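Overview (structure and organization)
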Amino acid sequence: MADDYLIEVDDCIKRYGGVVALKGVSLRVRKGSVHGLLGENGAGKSTLVKIIAGIVQATSGTMRFNGEEIVDADVKAMEEKGVFLVTQEPMIVEPMTVADNLMLGRWPARSGFVRDRHMMALATSFLEEANLDPRRLASTLSVVEKRKLNILRALHSGGKLIILDEPTTALTMADKHQLFTFMKQLRAQSVSFLFISHYNEEILEICDEVSVLRDGQMIGQGQVVSHLDSSALSEMVIGRDVHLFKRVTDEAKGDVVWTLRDVRASGLSVDRLDIRKGEIIGFAGLPGSGAKELGRAIYGLMPSARGFLDESGVAHALPRDPAEALRTGIAFLSEDRLRDGIIAIQSIAENMTLSSLPAVSRFGWVSRSAERQLVEKFWRLFAVKAASHAAPLGSLSGGNQQKVLLSRLVATEPRLVILNEPTRGIDVGVKEEVHRLVDDLSHRGVSVIIITSDIEEMLRIVDRVALFVDGRISAIEPAHGLTKEDVFEMAYSASDRSVSASHQPLH
Ligand SMILES: Nc1ncnc2c1ncn2[C@@H]1O[C@H](COP(=O)(O)OP(=O)(O)OP(=O)(O)O)[C@@H](O)[C@H]1O
């Protein structure tokens, strides 16, 4: 029945200049449900939720909220009705308390000043269930606590439909579990969620219904999740089941090319690590264990780190900064593409060739034809979806931005690559292509370090896993035959902590 639905979008079309992002899309979200929104990179998911949240106006189409027709509503109007979009970037003011953040924009002020006590009382009742102390400084919150605070702020402002765009980005497994439990509690109180994710397991775990966009069209609306499995979801998203890539480990390994020696930094102490030519090695460990930190140190992102990175037996100090690392043949993919990676106003072509200017320049001039060749090669390889090479990177969908960053990295023709969360935001089909690309790089002699929170993904693609505990490498094991559970066990038995391994996070 129509009054079962909180939101009803009909025949929605959205054009961005020549690009038709949505081609007559309809969507219905039930009251008190978690509704998944799936689709390939660039399928139109973010565009659709931005229209629902009033951030972007549709070119044509109709929308009803709680039965009421919505016309020309902006963000403020939609928030007043109870629709909130919670993005990956937590809108948190770090130097303020949790309570202040909760009240942001809605402070119960009289004659211009804030009544602290009243505010705290209001916040406390709201926060109690979420286990958040209102007096804590927001800067001390974990990523998941910040995301919870964002959701609470939406609720506090009267949120009835909360839209989460890839909310599990950067969350450990334990964090995800906590977030999902929180969402289920809120659903029981009739809050609805619209949930964008590229992870089939997440959709199957948390969603009641799912809708799938493909190339701007709705190809499955309101499918009941309990009737579906992972391959059915992949088939809806990319039109076929996904064949999971599994690296065939070459037993006759290459020579050791890279040797890390005597690396010391605050919280990091690695005596020696040998990496072979064409080897793919995974760094795994609990947050703060040193896995991510060593990756950053190798790329010159930890200026305080001391130590050596020898290449083919020739001693070299660790690079002092990324420019020196690049000159040494080292490339790095940041886990935070918005902060470190993209230059949103520059074109796709410029972003792709940014780190490889020597390859496309002659006597200091950028050769446009060399640039074009390089861009075309990667454009095809990654099936980048955008209007043209000249489009600003900021106008691309998140997953397509990630593809451009990967292109940029490969274009530097590196000899050692450090990949931090390489498939973040990338759809199920392209994810497997990225795995094949990394495998291919290794067959061309490039050594690769992978750091990912998805341990299953790591085990399918690496030759060995280096396990980090308390800033040291506690074990190095061949990936072949290891399970995700083994890696968790190793993380804990090595650190001698009496915590149940299966409930704790790894990177
Ligand atoms: N501001 C914009 N200007 C021009 N084109 C845009 C703009 N925003 C989105 N697009 C285009 O609209 C299409 C849909 O993008 P959208 O961000 O909605 O995809 P998505 O499904 O969210 O993808 P992803 O999974 O990669 O985040 C893409 O082709 C994108 O390049």
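Scope of this entry: the structure provided in the associated data block. Everything quoted here is computed from the prediction, not taken from an experiment. (Residues numbered from 1 in each chain as written. Predicted model: local features only at pLDDT ≥ 70, side-chain atom pairs only at ≥ 80, totals over all residues. Heavy atoms only, no water.)

Let's talk about the packing of aromatic side chains
- Counted according to the given criterion, the structure contains 3 aromatic pairs.
- Aromatic pair Phe180 and Phe195: ring centres 6.0 Å apart, planes at 70°, arrangement edge-to-face. Taken together, the residues Phe180 in helix α6 (residues 173-188) and Phe195 in strand β10 (residues 192-196) connect sequence positions 15 residues apart. Across the pair, Phe195 and Phe180 agree in class, each one buried.
- Where Phe283 meets Phe468, the ring centres are 5.0 Å apart and the plane angle is 55°; that geometry is what we call tilted. Separated by 185 residues along the polypeptide, Phe283 in strand β15 (residues 280-285) and Phe468 in strand β22 (residues 464-469) bring together distant segments of the chain. (Phe/Tyr/Trp six-rings, centres within 6.5 Å; stacked < 30°, edge-to-face > 60°. Helix = DSSP H or I, 4+ residues; strand = E, 2+ residues; numbered from the N terminus. Buried < 20%, exposed > 50% of the residue type's maximum accessible area, 1.4 Å probe, protein only.)

What to know about the side chain of Ser234
- Mapped onto the elements of the fold, Ser234 is located in helix α8 (residues 230-238).
- Of the residues examined, Ser234 reaches a relative accessible area of 4% and is grouped as buried.
- For Ser234, the side chain forms a polar contact with the side chain of Asn200, separated by 2.9 Å.
- Beyond its immediate chain neighbours, meaning those up to four positions away, Ser234 contacts Asn200, Gly239, Arg240, Asp241, Val242 and Val428. (Polar contact = N/O pair within 3.5 Å; in protein donor to acceptor, adjacent residues only side chain to side chain. Contact = heavy atoms within 4.5 Å.)

Brief notes about the layout of surface pockets
- Reported here for the second largest pocket is a volume of approximately 940 Å³.
- Looking at the second largest pocket, it is lined by 38 residues, and the ones nearest its centre are Lys176, Tyr199, Glu201, Asp454 and Glu456.
- Secondary structure elements with two or more residues in the lining of the second largest pocket: α6, α7 (200-206), α8, α16 (428-443) and α17 (455-461).
- Residue classes in the lining of the second largest pocket are distributed as 10 nonpolar, 13 polar and 15 charged.
- If you count residues domain by domain, the lining of the second largest pocket takes at least three from each of domain 1 (2-92 + 141-238) and domain 2 (255-329 + 417-426 + 450-507). (1 Å grid on protein atoms, 1.4 Å probe; cavity = no way out; pocket = protein on both sides within 12 Å on 5 of 7 lines; lining within 4 Å. Points joined across faces, edges and corners; volume = space filled by probe spheres on them. Nonpolar A, V, L, I, M, F, W, Y, C, P; charged D, E, K, R; others polar. Domains from an automatic or database assignment.)

Thoughts on the pattern of salt bridges
- Within the structure shown, the criterion is met by 23 salt bridges.
- With its nearest N and O atoms 2.7 Å apart, the salt bridge here joins Glu311 to Arg415. Separated by 104 residues along the polypeptide, Glu311 in strand β16 (residues 306-311) and Arg415 in the loop between α15 (398-411) and β20 (416-420) bring together distant segments of the chain.
- Note on Glu311: relative accessible area 14%, which makes it buried.
- Since its relative accessible area comes to 39%, Arg415 is described here as partly exposed.
- Each of Asp4, Arg30 and Glu209 takes part in a single network of salt bridges with overlapping partners. (Salt bridge = Lys/Arg side-chain N within 4 Å of Asp/Glu carboxyl O.)

Comments concerning the site of the ligand
- Neighbouring the ligand are 18 residues, the closest being Lys45, Ser46, Thr47, Ser397 and Gly399.
- A distance of 3.2 Å separates an oxygen atom of the ligand from a polar backbone atom of Ser395.
- Protein contacts shield 84% of the accessible area of the ligand, which totals 650 Å² for the unbound molecule.
- Those elements giving two or more residues to the shell around the ligand turn out to be β2 (19-30), α1 (45-52) and α15.
- For the shell around the ligand, the class distribution of residues is 5 nonpolar, 11 polar and 2 charged.
- Counting the residues that make up the shell around the ligand, at least three belong to each of domain 1 (2-92 + 141-238) and domain 3 (336-413). (Near = heavy atom within 4 Å. Areas by Shrake-Rupley, 256 points an atom, 1.4 Å probe, with all protein chains shown as cover.)

Here we look at empty space enclosed by the protein
- All told, the structure shown has 1 cavity of 30 Å³ or more when counted by the stated rule.
- Lining the largest cavity, in full, are Leu38, Gly39, Ser197, His198, Asn200, Val237, Asp427 and Val428.
- Counted by class, the lining of the largest cavity contains 3 nonpolar, 4 polar and 1 charged residues.

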